[in-house]
Amino acid sequence: MSDYIINVEHLNKQFLVDKKPMEVLRDINLKVEKGEFVTIVGHSGCGKSTLLKIICGLVDYEDGVVERNGHAVNGPGPMCGMVFQDHRLLPWLKIKDNVGFGLKDLSKEERAANVKRHLELVGLAGFENSYPAQLSGGMSQRAAIARGLANNPSILLLDEPFGALDALTRIQMQKEILRIQEEEKTTMIMVTHDIDEAIYLGNRIVVMSARPGEIKEIIKTDPVQSKRRGSAEFAAYKKKIYNYFFEDSDVEYEIEYNI
Ligand SMILES: Nc1ncnc2c1ncn2[C@@H]1O[C@H](COP(=O)(O)OP(=O)(O)O)[C@@H](O)[C@H]1O
Ligand SMILES: [Mg+2]
């Protein structure tokens, strides 16, 4: 039993590839408190998505402890929602029906009220009757976040949710997700390949090694300075993270991170 909303201890994960085991995650230890916003950065293929899916109960694990609210994870459940890079909205359903899709147990009125509240929360009021094809990329991601929040999960896992967005929309979405997190008090873990995004959003940043993914460091950020993209502290976090990824490199400009 632990008091953490998420508790991962000594998690190892292998996949079978061509009948041979491939080590993907090695000795992952991560404890997350209620209301935290944790970000995860690491090279492509280091097991970030796998880690989120294991926490969500979408991928099984054989070795180690994975708990939500003190209970071993053995499948998906309503307390934990997930948002993916592609919005995965069903094209034949209106936005309101996409957002309300998982709310089978509610009455028609409760469902409508829930959908309305979450569409307002993500700034999509008025688009209830639109179809996904009628929304921009940023709006579709908002709808996907609304769907993720509609079950009122205590945990929301986000797997590169803004990866396909242009830079300006992305910055706007970062502000929005922080606001939503403050309003809803949802515990969030977000995987991102954007280091600025990881610093800006995360009260802690998990830095992972290349596959097999190990946690190299967990950086606790200053709540004020990490929200100032031009601050010296922000630059120092950035340098620290880049140095992890390019520590084997002798290319000068990478160390200067004009990448
Ligand atoms: N279901 C699966 N079966 C076999 N290999 C997988 C499976 N899912 C992911 N992998 C492999 O595990 C590694 C980590 O994948 P993933 O967690 O998606 O990495 P990341 O999200 O960090 O880019 C990759 O080499 C990927 O090909
Ligand atoms: Mg991934």
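Everything that follows concerns the structure shown earlier in this document.
A brief structural summary.

About the cut-offs
- Residues numbered from 1 in each chain as written.
- Chains lettered and ligands numbered in written order.
- Predicted model: local features only at pLDDT ≥ 70, side-chain atom pairs only at ≥ 80, totals over all residues.
- Heavy atoms only, no water.
- Near = heavy atom within 4 Å.
- Polar contact = N/O pair within 3.5 Å; in protein donor to acceptor, adjacent residues only side chain to side chain.
- Areas by Shrake-Rupley, 256 points an atom, 1.4 Å probe, with all protein chains shown as cover.
- Pairing = 2+ DSSP bridges.
- Helix = DSSP H or I, 4+ residues; strand = E, 2+ residues; numbered from the N terminus.
- Axes fitted to C-alpha atoms, helices over the stretch in contact; angles between N-to-C directions.
- Contact = heavy atoms within 4.5 Å.
- Salt bridge = Lys/Arg side-chain N within 4 Å of Asp/Glu carboxyl O.
- Phe/Tyr/Trp six-rings, centres within 6.5 Å; stacked < 30°, edge-to-face > 60°.
- Lys NZ or Arg CZ within 6 Å of the ring centre and 35° of its normal.

1. Some words on the site of ligand 1
Close to ligand 1 lie Phe 15, Met 22, Val 24, His 43, Ser 44, Gly 45, Cys 46, Gly 47, Lys 48, Ser 49, Thr 50 and Arg 211. Within the contact set of ligand 1, an oxygen atom lies 3.2 Å away from a backbone nitrogen or oxygen of Cys 46. Contacts to ligand 1 include Lys 48, whose backbone N or O atom sits 2.9 Å from an oxygen atom. In the complex, 62% of the free accessible area of ligand 1, which totals 560 Å², lies under the protein chains.

2. Focus on the sheet that holds strand 10 (residues 215-220)
Within a sheet, neighbouring strands are paired by backbone hydrogen bonds and run either parallel or antiparallel to one another. Within the open sheet, the 6 strands sit side by side as 6-7-8-3-9-10. Their pairing is mixed. Because the sheet does not close on itself, it has two edges, and the strands there are strand 6 (80-83) and strand 10. In this sheet, neighbouring strand axes are inclined to one another by 15° on average, regardless of whether the strands run parallel or antiparallel. Pairing of strand 6 with strand 7 (residues 155-159) involves 4 bridges; the strand directions are parallel. Residue Gly 81 lies in a different strand from strand 7, and its bridge partner there is Leu 156. Across the sheet, helix 4 (residues 137-150) touches strand 6 and strand 7, and the angle it forms with strand 6 is around 170°. Where helix 7 (residues 232-245) meets the sheet, it contacts strand 3 (37-41), strand 9 (204-208) and strand 10, and its direction lies at approximately 180° from that of strand 10.

3. A word on the pattern of salt bridges
Two side chains that carry opposite charge are able to pair once their charged atoms sit near each other. What the rule picks out here adds up to 16 salt bridges. For Lys 238, the salt bridge goes to Asp 196, with nearest N and O atoms at 3.1 Å. Residue Lys 238 is found in helix 7, and its partner Asp 196 is found in helix 6 (residues 195-201); the two are separated by 42 residues along the sequence. Each of Arg 142, Glu 176, Arg 179 and Glu 183 takes part in one network of salt bridges that share partners.

4. A word on the environment of Ser 130
Structurally, Ser 130 can be placed in the loop between helix 3 (108-121) and helix 4. Spatially, the C-alpha atoms of Ser 130 and Val 115 are 14 Å apart, while their sequence positions differ by 15 residues. Discounting chain neighbours no more than four positions away, the residues touching Ser 130 are Lys 94, Ile 95 and Leu 135.

5. Digging into the side chain of His 118
Position of His 118 among the secondary structure elements: in helix 3. His 118 has contacts with Ala 146, Leu 149, Ala 150, Asn 152 and Glu 184, leaving out every residue within four places of it along the chain.

6. A look at the packing of aromatic side chains
One pass over the full model with this rule turns up 1 aromatic pair. Seen from the ring of Phe 101, Lys 104 lies directly overhead, with NZ or CZ sitting 4.3 Å from the centre.

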